[in-house]
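One-letter residues, chain by chain:
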Amino acid sequence: MTQHNPSSPGADEFDPSASSLAGHVDDSVMAELLSIRSSIDNIDATLVYLLAERFKATQKVGFLKANHRLPAGDPGREAAQIARLRRLAEDAHLDPAFAEKFLNFIIGEVIRHHEAIAEDHQASSGQQPQTSALA
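The sections below set out a description of the structure shown in this document. (Residues numbered from 1 in each chain as written. Predicted model: local features only at pLDDT ≥ 70, side-chain atom pairs only at ≥ 80, totals over all residues. Heavy atoms only, no water.)

For the pair helix H2 (residues 75–91) and helix H3 (residues 96–125), interaxial distance at closest approach is 9 Å and the crossing angle is 145 degrees. The two elements H2 and H3 meet at a crossing, and its hand is right-handed. Facing H2, whose interface residues are Glu78, Gln81, Ile82, Leu85, Arg86, Ala89 and Glu90, H3 presents Pro96, Ala97, Ala99, Glu100, Leu103, Asn104, Ile107 and Ile111. (Axes fitted to C-alpha atoms, helices over the stretch in contact; angles between N-to-C directions. Helix = DSSP H or I, 4+ residues; strand = E, 2+ residues; numbered from the N terminus. Left-handed = near helix turned anticlockwise from the far one by under 90°. Contact = heavy atoms within 4.5 Å.)

As structure tokens, this is what we get:
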């Protein structure tokens, strides 16, 4: 069981009412702002946990690819995912260009992780590094 250490920074030290606007706007406006921000804070926390779960799954893919000497990247899959995400973004009234940039960032991180997993796997098994135009 983990114990809370008051001297180390953590999630418990987040002050949801922190704002440079405090004392400069009407109390009712501040209360509404803090209420909306509370929802944003919940969404942000959910996004972090969702990304953690996504990366746990992609790590498994990385190990599978390394074990079978598959390339880290899969351009066909990536293009299909980007097109799919753009359609979902349009349906959700989210800027598709933003959604694509976000997914490209995630894909880049996943490929970087897959390459590192493959390098570690090759080093531990004494295999020669794989060269592929798809990676």
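Considering all chains together, one arrives at 3 salt bridges under this definition. Residue Glu53 is joined to Lys56 by a salt bridge in which the shortest nitrogen-to-oxygen separation is 3.0 Å. Residue Glu53 and its partner Lys56 are located together in helix H1 (residues 27–67), separated by 3 residues, close to a single helical turn. Looking at Lys56, the relative accessible area reads 49%, which means it is partly exposed. The partner of Glu100 in a salt bridge is Arg86, and the shortest N-O contact between them spans 2.6 Å. Of this pair, Glu100 sits in helix H3 while Arg86 sits in helix H2, and the two are 14 residues apart along the sequence. Since its relative accessible area comes to 29%, Arg86 is described here as partly exposed. (Salt bridge = Lys/Arg side-chain N within 4 Å of Asp/Glu carboxyl O. Buried < 20%, exposed > 50% of the residue type's maximum accessible area, 1.4 Å probe, protein only.)

Okay, the side chain of Thr58 next. Mapped onto the elements of the fold, Thr58 is located in helix H1. Of the polar contacts made by the side chain of Thr58, one reaches the backbone oxygen of Phe55; its length is 3.2 Å. Not counting chain neighbours up to four residues away, the residues in contact with Thr58 comprise Val110 and His114. (Polar contact = N/O pair within 3.5 Å; in protein donor to acceptor, adjacent residues only side chain to side chain.)

In this section: a nonpolar patch on the surface. Taken together, Ile43, Leu47 and Leu50 make up a surface patch of nonpolar side chains, about 290 Å² in accessible area. Mapped onto the secondary structure, Leu47 falls in helix H1. With a relative accessible area of 42%, Leu47 lands in the partly exposed category. (Patch = residues over 30% accessible without salt bridge, like charges linked within 9 Å, V, L, I, M, F, W, Y side chains within 5 Å. Areas by Shrake-Rupley, 256 points an atom, 1.4 Å probe, with all protein chains shown as cover.)

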